[in-house]
Amino acid sequence: MSNKAEENMNFNRVKVLFLVLIMITAAVAGSLCMDKSEEAISTVSTDSHLNCVLAQGPSDSLDPANKWVGWYVREFGIYETLFSYDENMNLQPELATGYEKISDTEWKITLRNGVTFHDGTTMDADAVIYSLERVLNSDNSRKSEYDFIDSITSDSDDTIIITTKYPYAPTIASLTDPIMSIVSLEAQDLQNTPVGTGPFKFKSYEREVSISLEKFEDYWNGASEIETVDMYIVADGMTRLFMLESGDADVSRYIPQSEVANIESNEDFEIVSKETLRSYFLYINMNKEPFSDVNFRQAMNYAIDRQEIVDVALEGIGGTPAESVFPSVSEWSINDELEVIERNETKVKELLAKAGLEDIDGDGYLEYNGENFEISILTYTSRPQLKPSAEVIITQFESVGLKTSLTTMEGSAITAKMDEGDYDLALYAWGVAPTGDPDYFFSKHFYSNGTEALRTGYSNGQVDQWIEDAKKTSDEELRKECYDNVQRQVLEDCPEIYVFYQNAITGYDVKVGGYKEYPNEITILTKDIYLN
């Protein structure tokens, strides 16, 4: 999920530490009175109750139309959208059964019959229009992402028509974002009591700690075999691992990379690892020297040994070296025509010299314009991969004479500094194609007026034209050609440096069946999960 979502993370560390102590105490006590298999048998659920522990969750709201909360409440199995992606990123109808493009600016969507909300009311065109218009409301902080929509109307209970202000090819894909979740018209307090159509109903929520759910008997796609679910939110990776090993969790997301081999060697557990659509990259502040010089930006790009970062910071399994913006799992990736940019010290030195950096005083560090020069990298810690990756990058930069420092702070503080232009580099993680379509990321990061392009200062008229052309044409070959061109040009202009793609690593008890890993990271709890 995006940096915006991560800015909302404010986990209760006191509770996490307390939980660690409980886990350790339980493990010690267990070792004194029972062997491992007996312990597992006694703790794994036998009453169709599933315990799942996640690394992140909502903080102050359960309303899917609020910022990035929709991602979490979809993970919980509460809400659904008109369309969604399966585990192979194939677009599929969900609460819709299909669509028809009436004209360049009109999309007729047929709604699924027989769908009821958790409160017993019927999902129909009125409920869908109400749900989507909540995002279009001027008070919604993400309204600008859907400014292309002119109106949403209906001519029957089971159809809606979306009219766009101009031809916008990703219209249907944009409806897969969980912010467009369909909510009940009768719900009175969506911020605290969610009412959706998903396979699980809301029971209770302890803020930033856990959410309790029960299966929805009238789920349109067949009721789950799981009766009840507790989803815990625990930021600390070792605590999530202890919960799995102790039987307090049947499924544990993002277990520490260093512990994967141990879990794999234990016959009580399974590991699933899959490449996600999350890229880790460096923002570059092109509004200041020497970062405004493409020679300097490319020098930094060639100074990075991506495989070493994966090997050292990710234990060799937490990700794969990046070739471009999109991971290979995306159909829009051009990785099949690229190779990972290898570290090349000779090229780095040539480019740094062109950019005017040289070691004048012989101290091993390069000066710029005759003065001492130091790069500052900002990053945040809610994603454990970031800080160790930044530390490896610093080692690599310093080995070519670039003195570099690291500062960690809350994501919101970093964003504020970037908005003020007060930064050099910022290491971030973004889900680059959560809606499956490139426009989501490209319009933000590489279009001149995009929110993230304004933070890097990147502007390229040709890139703007490719992005415009791609979003307005329905010719899929032309769209692919435009987006391929954008990716190639961005690699040349280097407003951002792509480092690695993240792998999702989930551990689960062997008694759990039906679990699937989704590359876009927005689907976790489904009606297909069961306990043997």
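Here, every reference points to the structure presented above.
Residues numbered from 1 in each chain as written. Predicted model: local features only at pLDDT ≥ 70, side-chain atom pairs only at ≥ 80, totals over all residues. Heavy atoms only, no water.

**Notes on the overall build of the chain**
Along the backbone of the chain there are 17 helices and 22 strands. Compactness check: the chain gives a C-alpha radius of gyration of 24 Å against a globular reference of 24 Å for 532 residues, within 12% of the reference. Dimensions of the chain, computed from C-alpha atoms along their principal axes, come out at roughly 75 × 70 × 40 Å. Within the span of the chain, comprising 532 residues, buried residues form 57% of the whole. A fraction of 71% describes how many contacts in the chain between residues 6 or more apart in sequence connect residues 24 or more apart. (Helix = DSSP H or I, 4+ residues; strand = E, 2+ residues; numbered from the N terminus. Rg over C-alpha atoms; globule rule 2.2 N^0.38 Å. Buried < 20%, exposed > 50% of the residue type's maximum accessible area, 1.4 Å probe, protein only. Contact = heavy atoms within 4.5 Å.)

**So, the sheet that holds strand β6 (residues 149-156)**
Sheet architecture is open: 4 strands sit in the order β4-β5-β7-β6, paired in antiparallel fashion. For this open sheet the edge positions go to β4 (96-103) and β6, each flanked by a neighbour on one side alone. If you compare each strand with its neighbour and ignore which way they point, the axes differ by 20° on average. As paired elements, strand β5 (residues 106-111) and strand β7 (residues 159-164) share 5 bridges and run antiparallel to each other. Residue pairing across strands places W107 opposite I162, the latter belonging to β7. The sheet strands contacting helix α5 (residues 125-136) are β5, β6 and β7, and the helix crosses β6 at an angle near 170°. (Pairing = 2+ DSSP bridges. Axes fitted to C-alpha atoms, helices over the stretch in contact; angles between N-to-C directions.)

**Looking at the packing of helix α16 (residues 461-472) against helix α17 (residues 476-493)**
Packing of α16 against α17 leaves a shortest axis separation of 8 Å and a crossing angle of 155°. Classified by the angle their axes make, α16 and α17 are roughly antiparallel. Seen along the crossing, α16 lies across α17 with a hand that is left-handed. For the pair formed by α16 and α17, the contact residues are V463, W466, I467, D469, A470 and K471 on the first element and R479, C482, Y483, N485, V486 and Q489 on the second. Of the residues contributing to the contact of α16 with α17, the split by class is 7 nonpolar, 2 polar and 3 charged. (Parallel < 35°, antiparallel > 145°, perpendicular 65-115°, else oblique. Left-handed = near helix turned anticlockwise from the far one by under 90°. Nonpolar A, V, L, I, M, F, W, Y, C, P; charged D, E, K, R; others polar.)

**A closer look at a negative patch on the surface**
A contiguous patch of negative charge, built from E331, D475, E476 and E477, is present on the exposed surface. By secondary structure assignment, the location of E477 is in helix α17. E477 gets classed as exposed once you look at its relative accessible area, which sits at 66%. (Patch = residues over 30% accessible without salt bridge, like charges linked within 9 Å, V, L, I, M, F, W, Y side chains within 5 Å. Areas by Shrake-Rupley, 256 points an atom, 1.4 Å probe, with all protein chains shown as cover. Salt bridge = Lys/Arg side-chain N within 4 Å of Asp/Glu carboxyl O. Lys, Arg positive; Asp, Glu negative; His and termini not counted. Charge placed at Lys NZ, Arg CZ, Asp CG, Glu CD.)

**Things to note about the nonpolar core**
The biggest cluster of nonpolar side chains holds 79 residues, and the ones touching the most others in it are F296, M300, I375, L402, F441 and F446. L62, F76, L82 and M231 belong to the second-largest nonpolar core, a separate cluster that totals 58 residues. (Core = buried A, V, L, I, M, F, W, Y, C linked by side-chain atoms within 4.5 Å.)

**Here we look at the packing of helix α9 (residues 294-303) against helix α11 (residues 345-354)**
α11 packs onto α9 with a crossing angle of 160° between their chain directions and a minimal axis gap of 8 Å. The orientation of α9 relative to α11 falls into the category roughly antiparallel. The way α9 lies across α11 gives a crossing that is left-handed. Together, N295, F296, Q298, A299, Y302 and A303 of α9 and K347, V348, L351, L352 and K354 of α11 make up the contact between the two elements. Partitioned by chemical class, the residues of the contact of α9 with α11 number 7 nonpolar, 2 polar and 2 charged.

**Some remarks on the packing of aromatic side chains**
In the structure shown here, the tally under the stated rule is 25 aromatic pairs. Ring centres of Y219 and W220 lie 5.4 Å apart, and the angle between their planes is 50°; this geometry places the pair in the tilted category. On the basis of relative accessible area, Y219 is assigned to the buried category, the value being 9%. For W220, a relative accessible area of 24% gives the class partly exposed. (Phe/Tyr/Trp six-rings, centres within 6.5 Å; stacked < 30°, edge-to-face > 60°.)

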